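Descriptive structure summary
Chain residues, written in single-letter form:
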Amino acid sequence: DWSSDVVLFRSTEAGRAIYNHVLTMRRSAEAIEDLVVDAERRAEGHVTVSLPDGVATYWVAPHLGGFMRANPKIALSLDCGIWPDHPVQGATEVSLQFDKPSDPSLVATPLATFHYCLYAAPEYVEMYGAPKTLADVGGHRYVHLSAYGRVKEGYAPKTEAFLGLMDRQLETNCSSVLVNTVRAGAGIAALPTAIVTVAPELVCLEIAPITHPVLWLCVPRAVQRSARIRQVSEWLQGLFACEDQPWFRAEFIKPADFALGRRAS
């Protein structure tokens, strides 16, 4: 019966030295953990946000002044994916994307619905006329953004097939180039109806929207409670609030009815 035996251990000098080192390491680890937790409770530090370049250029960037004034201790990096060989600082902690993620480690929140219609400059319409159907567009110069091919959500099969056969006389991978090409009267392009806030002079053709993708805010569960991440996330959600921004609502509202939509809200 070993239960009645008493075994005594006497530590050696080396053992006592190792024990003291372990205690020191434990105290250091706890101190570091306290510093990290304390830092995460404060809305300060660096946050990297990845997002489509068009969303960044035409919607997020114009509102950054107010955010930076209100949050002077938060530094932002906006990764628009245009120069992968020259990445911005830090790994992505917040992302805006048009594909709903399937990764369970991400918390995904729908921000806005983008309604893509066909647009042209007034000068283009005056010179070449306004097509009335998708089939009519086939006889016009079409300006294509290569990133559209990555978004699979929201396209009707017939529309997707037709656009795949479209004569793309102009193509670019930059949203600002796309918008300015259309503004210059070089052709017709699919643009979100929110473009009215940037280029109100553009003509929205009387053709049904070709797609309605949803923009998602995605944050890793591991960092979602961080004060700096929460501050950035809440700010982004506020930017796309659709109460008085009819172009971001789930239901499609014709651009001509935007003023009525704002009054209705």
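Refer to the structure printed above.
In this text, all values refer to a predicted model and were calculated from it rather than measured experimentally.

**Digging into the packing of helix H2 (residues 53–60) against helix H7 (residues 175–183)**
- Axis separation between H2 and H7 bottoms out at 8 Å; the angle between their running directions is 65 degrees. It follows from the interaxial angle that H2 and H7 lie roughly perpendicular. Where H2 abuts H7, its residues Asp53, Gly54 and Tyr58 lie against Ser175, Ser176, Val179 and Asn180.
- Of the residues that constitute the contact of H2 with H7, the class distribution is 2 nonpolar, 4 polar and 1 charged.

**Brief notes about the packing of aromatic side chains**
- One pass over the full model with this rule turns up 9 aromatic pairs.
- Ring centres of Phe114 and Phe248 lie 5.2 Å apart, and the angle between their planes is 45 degrees; this geometry places the pair in the tilted category. One end of the pair, Phe114, is in the loop between strand E4 (106–113) and strand E5 (116–120); the other, Phe248, is in the loop between helix H8 (227–239) and helix H9 (258–264), with 134 residues separating them in the sequence.
- Pairing Trp247 with Phe248 gives two aromatic rings, centres 6.5 Å apart and planes at 75 degrees, and the pair type is edge-to-face. Comparing Trp247 with Phe248, the two get one shared label, buried.

**Focus on the sheet that holds strand E2 (residues 74–79)**
- Strand order in this open sheet of 5 strands is E2-E1-E3-E10-E4, and the pairing throughout is mixed. A strand with exactly one partner marks an edge of an open sheet, and here the two such strands are E2 and E4. The mean inter-strand angle of the sheet, taken between neighbouring strand axes irrespective of direction, is 20 degrees.
- The sheet strands contacting H8 are strand E1 (45–50), E2, strand E3 (94–97), E4 and strand E10 (214–220), and the helix crosses E1 at an angle near 40 degrees.

**Considerations on the pattern of salt bridges**
- Per the counting criterion, the structure on display carries 2 salt bridges.
- For Glu201, the salt bridge identified is with Arg183, shortest N-O distance 2.8 Å. Taken together, the residues Glu201 in the loop between strand E8 (189–192) and strand E9 (203–204) and Arg183 in helix H7 connect sequence positions 18 residues apart.
- Judged by relative accessible area, Arg183 falls into the partly exposed class, the value being 34%.

**A look at H2**
- Burial of H2 is extensive: 7 of the 8 residues sit out of reach of the surface.
- Restricting attention to buried positions, one finds in H2 the residues Asp53, Gly54, Val55, Ala56, Tyr58, Trp59 and Val60.
- Structurally, H2 contributes buried residues whose contacts are with helix H3 (64–70), E2, E3, H7, E10 and H8.

**Topic: the sheet that holds E8**
- Here 3 strands make up an open sheet; going across it, the order is E8-E5-E9 and the pairing antiparallel. Where the open sheet ends on each side, the last strands, each with one partner, are E8 and E9.
- Direction of pairing for E5 relative to E9: antiparallel, over a ladder of 2 bridges. Of the residues in E9, the one forming a bridge with Tyr119 is Cys204.
- Packed onto the sheet, H7 meets E5 and E8 and runs at close to 115 degrees relative to E8.

Analysis parameters
- Residues numbered from 1 in each chain as written.
- Predicted model: local features only at pLDDT ≥ 70, side-chain atom pairs only at ≥ 80, totals over all residues.
- Heavy atoms only, no water.
- Axes fitted to C-alpha atoms, helices over the stretch in contact; angles between N-to-C directions.
- Helix = DSSP H or I, 4+ residues; strand = E, 2+ residues; numbered from the N terminus.
- Parallel < 35°, antiparallel > 145°, perpendicular 65-115°, else oblique.
- Contact = heavy atoms within 4.5 Å.
- Nonpolar A, V, L, I, M, F, W, Y, C, P; charged D, E, K, R; others polar.
- Phe/Tyr/Trp six-rings, centres within 6.5 Å; stacked < 30°, edge-to-face > 60°.
- Buried < 20%, exposed > 50% of the residue type's maximum accessible area, 1.4 Å probe, protein only.
- Pairing = 2+ DSSP bridges.
- Salt bridge = Lys/Arg side-chain N within 4 Å of Asp/Glu carboxyl O.

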